Each structure stands twice: as C-alpha cells, then as structure tokens.
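Residue-level structural notes
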Amino acid sequence: MITRRNALKSALFASMAAPALIRTASAEEAKPAVAAGEDLSKLPRRKVKLARPPFVHEHDQVAKGGPAIIEFTMTIEEKEIQIDDEGTMFQAMTFDGSVPGPLMVVHEGDYVELTLVNPETNTMPHNIDFHSSTGGLGGGALTLINPGEQTVLRWKATRPGTFVYHCAPGGPMIPWHVVSGMNGAIMVLPREGLKNDKGEPVKYDRVYYVGEQDFYVPKDADGNYKRYSDPGESYADTVEVMNGLVPTHVVFNGAAGSLTGENALKSKVGETVLIVHSQANRDTRPHLIGGHGDYVWETGKFNNPPEKDLETWFIRGGSAGAAIYTFLQPGLYAYVNHNLIEAVNLGATAHFQVEGEWNNDLMQQVVPPSPISQG
Amino acid sequence: MSASTCIKALMILLCVPAMLPDIARAEASGPTTVMIPAGRFDYRSSGEFLENGYPVDATIEEVVFEEPFEIMRFQVSVGQYEQCVAANACRERLGAGRQPGHLPATGISFRDASDYANWLSEVTGEKWRLPTDKEWAYAAGDRFIDDAIGVEKDTANPARRWIARYSKYASLGSQTDPEIREPGAYGANQFGVHDISGNIWEWTDTCYSRKRLDGEGKLMSETENCGVRIAAGQHRAYISFFIQDAKGGGCSVGAPPEYLGFRLVRERPVGIKAVLHRFRKVFSGPE
C-alpha cells in the first residue's frame, strides 16, 4: 500500500536521484487547469508585491469593495545565511529569500492565489501549509514541487487573524525544513478592519513583522559551529541537535541583531504600531521593555476581542499573534522574547528607536545617581 | 642629585638593551614593545559625567607624559597566553580552540589579563601591567576614536542623548568584523603600535567612575567602581572584571566589543632585583 508518507519519500528520492528527469516544464505545461468550486472568473484580481520582513507590503486596513483574488508569487530559495555576528553560517531554506518568509495580507472573504516556484538551483522538494486555509493539509498535499517545478494554489480566507504558513514536505523533512527557516505568516484582516474590545475601530500607522526562529546548529570537536556545503550534508548532525530540543540560536528575522543597530525598528511618540509575531515551531513570549501591548490578540484571531494593557504575551509554537501599541515616550525600547536567556544570549532581541518629546508626568529621574546621603 | 635623577643615570648605564632592535630585545626578555615618547595630548576623560545631574560628554583635559613608556607592539597572542595557562597561572580563555598561536588572544577577562601580567612579571623579573585608560588613549595616537556623543545637554528630554548614542554606536557596529585577524592586519599608528581600535577591545586598568560636576564644570563628587573596568577600542566599554565575552543584546542597547583581548605596558626597571635580572640576561645572552 502506498501511504502518503511513502509517496512523498519516493518523490523525494526521485528528485534527489535524478533531478534531470523532471526538467521538462514548458510555459504551456506550467499552466494547469485549477478546478474551481464556483465561478470566480468575475472576481477582480490584484497582484501583490511582497516586502522583505520586518516590512509589510502596502495594504488597506479596511477593505475597499468586495472579495477579490489576491495573487502572490513566492520563490523558494535554499541558501547559506549568516545567523549571528560571530559569522556562523547556516544552510537555510526560505520562502522568497528571507527568514521568515514575507508577511502576506488579505481580507476575510478574499481568495489567496499563490504561485509557488522551486527553481532548479534548489536541491529538495518543498511545499506550503497555510494554517489559515481549509483542507488538503493546509495546501501541503497540493503543492509539493521538485526543483524545476512550480504550482499554483488558491484558497479562500475564511477566518480573520494572523496565521503561520510553513513548508511540510512529509516525515522528518517537516521539522527540519521549518527550523531551517521555511516559515512565515499571513494576516487576514476583517473587511471592516481591526476592532477593539468595545467594537470600535483600531487603526495602525505602521506594521512590523517579527518572525522568530529557533536554529539548531551542530558544533565540531572544538566547540565551533560547523559549516556545511549544502543542506543535505548538514541533515544528520542537525537532526541530532534538534532532537535534544535545545536551540543554539533563537533569533528574530533570521539572525541575531537583524533588528538592532542600523536596522532598529523606527517609530515616534504618538504613532500606533502593529507588531505581528510568529513562531512556527516553539513557544515564545514577546515583551516590549518600557512599553506595553495596548491591544493584544495573543492567539492572533481577530474574531476574539483583544486583551488590553499586557506586559508580556504568549505566542504558542505554530501560531502568530498581533499586538498594538501607541508609543508615549521617546527613547530606545528593546522588544524581546522575555525568556531573557533567549533574548540576550541566544539572539531574540529587536530594538525600537522612538523620536519625540519626553513626558515627565509618566517618568522623571528625581535624584540622579549621587553619593548615599548620611544620617 | 635627586633620587630620580640618580635612577635615570643608572638606567642609561644599565638599559643598553633598550636601544637594541625589537627582535633582539624580544629574545632577551618577553614580548616586543614600542617606546611611546614623552609628550602631551588632549584627553577625553574616562567615566560618565553628570552636570547638575544631567548626562554630558566627558571633559577634555590636557595630559602630560613626562617620561616615555613602553607598550607591547601587538596584542598578547594565543601562544603567549597559552604559556601562562600551561604554567597554571592563567585560566583557559573562553572559546580556546585550536587557534594558531600567533593570532591575538581573545576571550580574555580583566582577571585573566591581570593574571597574565603577574605571571609575565614573575617569569621575566620585570614589571608588566595593564595600561591605564590615559596611557592607552595616548599610545593609541591617531587611532584613538573620540567617544563623545556630541549632543547638547537636554534637561527636558533624556531620550535625545540615548538615541544619539545608539545611532553613533550603531554606525560603529555596522563595521564590526567577526574574524580574528593576523597580528598587524589593522596596521600601525604613528608610534608603531599595531591593531589599535580593530575588532579586539583591550583591557585597561582604569575603573568605572561617575563624576558629578556643578554648572561651572567643577568636580563635586565622584563614585568609583573597580568591579567594572574599561576595555578600550572603537569606543570605551565598561565591563565587569570577570567577563570574557561582552557580546549580547537585550536591555543594554548599544554596540558591545566584538572581542576582548589586551596588551601590556612594561615599566622601566627601578627595583634592584629587576635591574640585576636584566643585567644577567644581557650578559648571558638569549635563553
């Protein structure tokens, strides 16, 4: 009996063993007839150009008009990336070249139509599982493509919220691809935009996407991180570290320090910022040092009223959450995973640089550091 | 004739090796050094300064070095440090792998650097010690990077200074280099001191201090904390004495040193023991 898993394994084997055999797709062949459940031909279509995280592509917060088919293209890229400032090099697998993949934004009732491309330069089959879609293993069952192939998947965004997507090519490949960086998030906004607990509209001036990633990098006998020539070469060693469940790196946006220094996130006093935070594999607990979550959808699902005034919020592994905050004070803020060992020692720290006027009513240094007074 | 003049005269007689080329001297006693000439310079003071309670840039003072002093031409190398470890006088460096011995030693705490100085002094019979921040800044010469923030005191908005400092350090941080380079890779300054302000910060003997000034810039009081020492480099870093790797993110926003290493100053031999030791070495030839 051919189980799905066996089928995937053989597909995997075939692509590994003889990539030349599948290099056939012409432009004609690459246009498969996607059977639609209903007539979608009258729906308007819109193409979206994705942005590299932490930035998010342009979008309306309140939908203009009725549902549409939103077209995205993502190219899978296996590539070596640097994941810390010590120069540790890592064989990553990425959606569209970044860890995490880009944040996609649509509205409830829209159709997401994704063209997924696996270039010949890659070595492995990949697919995509959208937690926000319904059926077909989140789309994973319909999107497994080998190097040199592409596919188009369409699904209806029926539930508003922030959701993870990730690669899930079967068996032990699933966790490995996910912790190699192959994950991202989609935000399905309510058509009328976000609402607070009283049902009043909530608008944001800026949105940032923070994708948290746990990496498991093998070390050599001297304790130095090992470098590999391709993902396959790293597999056996990496699985051993993975199975210990202790990550060597816990980072935001693909590398320790990717959202600090000159890449620190910018804002100003009075500005309202939406932070979408995803973790496809492991629990995390974002905290804004010196600030709060005014409205937080901890589980990320907008049909539930947001929690208010949070200090720290919990993002379950395999989910994305959303938090809104209006900055009230200028200065530097650290946005961290408040497991502080992971934040400071393993890398899960971002910085906000906020311009504006200081509010003495909220905080004031009454006595600067001075000698301890006697008597 | 004063005592010090007497000693100077004695030194001219006995310190002939100081005139020999570096190589010969290195063989005679310990690491290669450079002579920093006597002179004066404008010194951006170390420590944090408060003026009427508000943070300001450190004051600049004119510092005079009446005497030349000797400082290592290169940072202490892996091989040199390993000798101290082998003698059970120094702890293992952090991340001590199979690095080539000629590379500069990193993963060094203030305590490690001090232990090495004590051991080297013991072995050579000379007085080796960490430089003060003042000496380091002077010996850094044209490689010294002023770490003033350059923002006017702002009594209404403390955040302006935080952001300015962050931006300054962030632009420095973007030039960081994770690779430990060959000695000499960062070049020499006008004195021939190599690799100043590269990616390895160097421990100094100077303690953290906070100085409180009045409106006229007069020092009112000072707090010193010798649990925290200055590591000098692209900017001053204030680091606890037991830390071997200062990297990290979190609340302490800014650019931490890439690596921690050190170089030492050799004091001019004054004790009779040192003089005799040196005398013996000169006449017995290289060991």
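Attention now goes to the pairing of strand 5 (residues 111-118) of chain A. All names here are of chain A. Burial analysis of strand 5 places eight of its eight residues in the buried class, the great majority of the element. Bridging between strand 2 (residues 69-82) and strand 5 involves seven bridges; their strand directions are parallel. By the bridge assignment for strand 5, phenylalanine 72 is matched with leucine 114. Across eight bridges, the pairing between strand 5 and strand 7 (residues 149-156) is antiparallel.

In this section: the packing of aromatic side chains. Residues and elements named next belong to chain B. By the definition in use, this model includes 28 aromatic pairs over all chains. Considering the side-chain rings of tyrosine 116 and phenylalanine 262, the 5.5 Å spacing of their centres and the 75° angle between planes classify their relative orientation as edge-to-face. With tyrosine 116 in helix 4 (residues 110-124) and phenylalanine 262 in the loop between strand 11 (259-261) and strand 12 (265-266), this pair connects stretches of sequence that are 146 residues apart. We note that tyrosine 116, like phenylalanine 262, is buried.

All names here are of chain B. This structure, assessed with the given rule, holds two disulfides over all chains. Shown here is the disulfide that connects cysteine 207 with cysteine 226, its sulfur atoms set 2.0 Å apart. Given an S-S torsion of about 95°, the disulfide between cysteine 207 and cysteine 226 has right-handed geometry. Placement of the pair is cysteine 207 in strand 8 (residues 200-213) and cysteine 226 in strand 9 (residues 219-232), with a sequence separation of 19 residues. Under the relative-accessibility criterion, cysteine 207 is labelled buried at 9%. Across chain B, the disulfide pattern expressed with sequentially numbered bonded cysteines is 1-2, 3-4.

So, about the sheet that holds strand 20 (residues 331-337) of chain A. The strands making up a sheet associate through hydrogen bonds between their backbones, and the pairing can be parallel or antiparallel. Residue and element names in this part refer to chain A. Strand order in this open sheet of four strands is 14-21-20-16, and the pairing throughout is mixed. At either margin of the open sheet sits one strand with a lone partner, and together these are strand 14 (265-268) and strand 16 (286-289). Here the average twist between neighbouring strands, direction ignored, is 25°.

How each quantity is defined
Residues numbered from 1 in each chain as written. Chains lettered and ligands numbered in written order. Predicted model: local features only at pLDDT ≥ 70, side-chain atom pairs only at ≥ 80, totals over all residues. Heavy atoms only, no water. Buried < 20%, exposed > 50% of the residue type's maximum accessible area, 1.4 Å probe, protein only. Helix = DSSP H or I, 4+ residues; strand = E, 2+ residues; numbered from the N terminus. Pairing = 2+ DSSP bridges. Phe/Tyr/Trp six-rings, centres within 6.5 Å; stacked < 30°, edge-to-face > 60°. Disulfide = S-S within 2.5 Å. Axes fitted to C-alpha atoms, helices over the stretch in contact; angles between N-to-C directions.

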